[in-house]
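The lines below spell out each chain.
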Amino acid sequence: MSGISTDDIMQWSLDLAGLTEVPADSAIYVPGHDIRRVLFGIDVGTADLLLARQLGVDLVIAHHPADALQHFPRIFERHVALMRSEGIPEEEARAAIQELTERWQDRLHSANYDHVVSVAKLLRMPFMNIHNPLDEYGRQRMTAAVAGIAPHEPLSAVLAALNTIDEIRTAPTAVEIAVGAPESPAGRIKVVHGAGTNGGYPVATAYFRHGIRTVIYIHLATDAKWKLRQDAMGQVIVVGHLAGDLTGIQPFANLLRERGLEVTGFSGVQ
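Digging into helix α4 (residues 90-110)
Spanning 21 residues, α4 covers 30 Å between terminal C-alpha atoms, matching the ideal 30 Å at 1.5 Å per step. At isoleucine 97, α4 is deflected by roughly 40°, the largest bend along its length. Taken together, the buried positions of α4 are Ala93, Ala96, Ile97, Leu100, Thr101, Trp104 and Leu108. Considering only its buried residues, α4 is in contact with α3 (77-84) and α9 (200-209).

So, the environment of glutamine 70
Inspection of the secondary structure assignment puts glutamine 70 in the loop between β3 (59-62) and α3. For the pair formed by glutamine 70 and alanine 204, sequence separation is 134 residues and the distance between their alpha carbons is 26 Å. Apart from residues lying up to four places away in sequence, glutamine 70 is in contact with Leu108 and Tyr113.

Considerations on the pattern of salt bridges
A side chain of one charge can pair with a side chain of the opposite charge when the charged atoms of the two come close. Under the defined criterion, the tally for this structure stands at 11 salt bridges. Between arginine 94 and glutamate 77 there is a salt bridge, and its shortest N-O distance comes to 2.7 Å. Taken as a pair, arginine 94 in helix α4 and glutamate 77 in helix α3 lie far apart in primary sequence, 17 residues in all. For lysine 190, the salt bridge is made with glutamate 86, and the minimal N-O distance between the two is 3.2 Å.

Scoring rules and cut-offs
Along each chain, residue indices are assigned from 1 in the same order as the chain's sequence is written. Whole-chain, interface and lining totals are the exception, using all residues; otherwise, since this is a predicted model, local features are given only for residues with pLDDT of at least 70 and side-chain atom pairs are given and counted only at 80 or more. Remark: hydrogens and water are excluded; side-chain values derive from all non-hydrogen atoms of the structure. Strands here are runs of E lasting at least two residues and helices are runs of H or I lasting at least four, both read from the DSSP assignment and numbered beginning at the N terminus. Helices are assigned an expected span. That span is 1.5 Å times one less than the residue count. The seven residues ending at a residue and the seven starting there each receive a fitted axis; the angle between those axes is the bend at that residue. Classification of residues uses two cut-offs on accessible area relative to the type maximum, computed with a 1.4 Å probe and protein chains only: under 20% is buried, over 50% is exposed, and between them is partly exposed. Contacts are assigned to residue pairs that have any heavy atoms within 4.5 Å of one another. Salt-bridge detection follows one rule: a side-chain nitrogen of Lys or Arg within 4 Å of a carboxyl oxygen of Asp or Glu.

Encoded structure:
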């Protein structure tokens, strides 16, 4: 198939997620045209770009963004939108993401933002990353999976519902209850994903204060987990980082194949 460009592929990801513009955590770093063969991975480094050249592919797609995206923290506005959808006041929602935003801004100030992308340019290797569109599609899939869980049903039923998704059920990491007990009622459930990264302790507690009893994250830091257990304000289910990401990534990789591209998956992608 000829004539496919990096712009086309980005647009397909937006269409899949129902988005109208490229979000702050996704970018085309080196544009490409007439793409037929793709190397697609969750994380891509300089050695992977050299591998792509050796394999003779036309494009490398990463899921996670390169440090060249200095405006990445803008994607945390999605947390605000998700919280507002559950009745959390905007001022409280913004306060919940303040520490997260500053932590990432500090990280980007210390990062070498010209490393991986400069190698792609030297190799003349088309290179892009697609993060939020695929995470948003994964969030939609997980939300649909747990939509039928009644508030009185136990957390174990939520785990079973999430395991109806192939990418989660077949992952080497198991869905687990990080905060709570299997027999505890699920109450109102919120899948908190597709907002750059998880919201940790502040975002979870904001939901708990406004009637959400169970938050679903794809990962949770140990210190936040223990603090949430001590507070006992609500419950957290953790899907697993790669399993949660693949819930949106793998269908997109398959879509590329359906549209005639040869996709070689690595770094988590099949």
